[in-house]
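Structural overview
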Amino acid sequence: MVKLKSHRDSMKEGKVERGDYKEERERMVALLRGQGIGIEVLEAMKRVKRHLFVPPDLRDQAYGDYPLPIGEGQTISAPHMVALMCEYLELEKGDKVLEVGAGSGYHAAVIAELIGSEGRVYTIERHPYLVDFAIRNLNKAGYENVVVILGDGTLGLPEHAPFDKICVTCAAPAVPPPLLEQLKTGGKMVIPIGRFAQKLYLVKKRNGIEKQNKGGVVFVPLVGRFGFR
Ligand code: SAH
């Protein structure tokens, strides 16, 4: 008689639950090594199940290092870009973070891993469909310290300001003044700037404002009051 192995037996033997994509996730993270991304960010990327943040028919492509469509003409950013932006922000346990452009909720989940349960991510999205998509994905993946809000992220979230870190995941014409205002002194923001030729900037707010150009990138546009029209 053939004895069928229980799911628990397979787990004990170190085999992965079918459909969990653990090996694919580890391979993705292995390919991110040597690109200036620290171990903490790499470990966080290993924990977040990107396949839960893409449309079901694209799950098999979830661990390729490229953006994927998520609806409304928007995309989930490529894993290396999410990792680099988190690295530049130097996220710490307990940080209060504002993300502009929730999209799939994936980037917010990686941030949530890095700031821990004492921290909180507020993420704003302008498309109602994507607000719902992000909330569903974050619930499925079990993130409780992320709040998804419908609105124009160029205005920030004055009621929850100031923020330790701000992560803008769409390209702006310039740094929206409300975001700079809502960043703590000593805080950091990453933001892509430009319509066609875009550059990623790391903005540090101290006595003055310091802007570092981190190189060319491709993002969907930031659309709103202090974004593109
Ligand atoms: N961080 C997302 C990437 C989403 S792409 C992820 O991990 O999947 C950028 C998102 O910014 C899009 O969903 C787009 O709808 C949104 N967006 C553009 N302008 C915005 C604005 N003014 N306020 C809020 N969201 C905006």
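Residues numbered from 1 in each chain as written. Predicted model: local features only at pLDDT ≥ 70, side-chain atom pairs only at ≥ 80, totals over all residues. Heavy atoms only, no water.

**Points about the environment of Lys-93**
This is how it is decided: Strands are runs of DSSP state E lasting at least two residues, helices are runs of H or I lasting at least four, and both sets are numbered from the N terminus onward. The contact rule is simple, with two residues in contact once any of their heavy atoms fall within 4.5 Å. Within 3.5 Å is the distance limit for a polar contact, defined as a pair of N or O atoms, with the added protein rule that one can donate a hydrogen and the other accept it, and that residues adjacent in sequence qualify only through two side-chain atoms.
Here Lys-93 is to be found in the loop between helix H4 (79-89) and strand S3 (96-100). For the pair Lys-93 and Pro-56, spaced 37 residues apart in the sequence, the C-alpha separation amounts to 32 Å. Residue contacts for Lys-93: discarding those within four places in its chain leaves Glu-113, Leu-114, Ile-115, Gly-116 and Glu-118. One polar contact links the side chain of Lys-93 to the main-chain carbonyl oxygen of Leu-114, over a distance of 3.4 Å.

**Some points on the site of the ligand**
The criterion, for reference: Residues are labelled near a given molecule or strand when at least one of their non-hydrogen atoms is within 4 Å of it. Only the protein chains shown count as covering a residue, and every accessible area follows the Shrake-Rupley method with a 1.4 Å probe. Note on residue classes: Ala, Val, Leu, Ile, Met, Phe, Trp, Tyr, Cys and Pro are nonpolar, Asp, Glu, Lys and Arg are charged, and everything else, Gly too, is polar.
Taken together, 26 residues form the shell around the ligand, and within it Gly-101, Ser-104, Glu-125, Gly-153 and Val-223 come nearest. In the model, a nitrogen atom of the ligand is placed 3.0 Å from a nitrogen or oxygen of the Glu-99 side chain. Arg-126 has a polar backbone atom sitting 3.3 Å from a nitrogen atom of the ligand. Burial of the ligand by the surrounding chains reaches 99%, relative to a free accessible area of 580 Å². Considering only residue class, the shell around the ligand consists of 10 nonpolar, 12 polar and 4 charged.

**Quick notes on the packing of aromatic side chains**
Here is the rule: Aromatic rings from Phe, Tyr and Trp, taking only the six-membered ring of Trp, are treated as a pair when their centres fall within 6.5 Å; an angle between ring planes under 30 degrees marks them as stacked, one over 60 as edge-to-face, and anything in between as tilted. Think of it in three bands: residues with accessible area under 20% of the maximum for their type are buried, residues over 50% are exposed, and the middle band is partly exposed, with areas taken using a 1.4 Å probe on protein chains only. A positively charged side chain is recorded as over a ring if its NZ (Lys) or CZ (Arg) lies within 6 Å of the ring centre. The angle to the ring normal must also be within 35 degrees.
Following the criterion strictly, the structure yields 4 aromatic pairs and no others. An angle of 35° between the planes, with centres 5.9 Å apart, marks the rings of Tyr-21 and Tyr-63 as tilted. Highlighted residues: Tyr-21 in the loop between helix H1 (7-12) and helix H2 (22-32) and Tyr-63 in the loop between helix H3 (39-47) and strand S1 (68-71), separated in sequence by 42 residues. Overall, Tyr-63 belongs to the buried group, its relative accessible area being 11%. With centroids separated by 6.2 Å and ring planes inclined at 70°, the aromatic side chains of Tyr-122 and Phe-163 adopt a geometry described as edge-to-face. One end of the pair, Tyr-122, is in strand S4 (residues 120-125); the other, Phe-163, is in strand S6 (residues 163-168), and 41 residues separate them in sequence. Per residue, the accessibility class of Tyr-122 equals that of Phe-163, and both read buried. One residue, Lys-96, lies across the ring of Phe-163, its end atom 5.7 Å from the ring centre. Taking the ring centre of Tyr-201 as reference, the NZ or CZ of Lys-211 above it sits at 4.8 Å.

**Quick word on the pattern of salt bridges**
Filter applied, for reference: The salt bridge definition used is simple: a Lys or Arg side-chain nitrogen within 4 Å of an Asp or Glu carboxyl oxygen.
Throughout the structure, instances matching the rule amount to 10 salt bridges. Between Lys-49 and Asp-20 there is a salt bridge, and its shortest N-O distance comes to 3.1 Å. With Lys-49 in the loop between H3 and S1 and Asp-20 in the loop between H1 and H2, the pair connects residues that are 29 residues apart, well separated along the chain. The class of Asp-20 is buried, set by a relative accessible area of 14%. Across the salt bridge formed by Glu-210 and Arg-206, the nearest N and O atoms sit 3.0 Å from each other. For Glu-210, a relative accessible area of 30% translates into the label partly exposed. Residues joined in a network through salt bridges with shared partners are Asp-20, Arg-25 and Lys-49.

**Details of unusual backbone geometry**
Cis peptide bonds are those with omega within 30 degrees of zero, and the linkage from Ala-161 to Pro-162 qualifies with 5°. If you trace the backbone, Pro-162 turns up in the loop between strand S5 (146-150) and S6. Unusually for a residue other than glycine, Glu-72 sits at a positive phi of about 60°. Its place among the elements puts Glu-72 in the loop between S1 and strand S2 (74-76). Even without glycine at this site, Glu-90 takes up a positive phi of about 50°. With respect to the secondary-structure elements, Glu-90 resides in the loop between H4 and S3. Given a relative accessible area of 44%, Glu-90 falls into the partly exposed group.

**Focus on the side chain of Gln-198**
Note that Gln-198 resides in strand S8 (residues 198-205). By relative accessible area, which is 6% here, Gln-198 ends up buried. Leaving out residues up to four positions away in the same chain, Gln-198 has contacts with Ala-171, Ile-193, Gly-215, Gly-216, Val-217, Val-218 and Phe-219.

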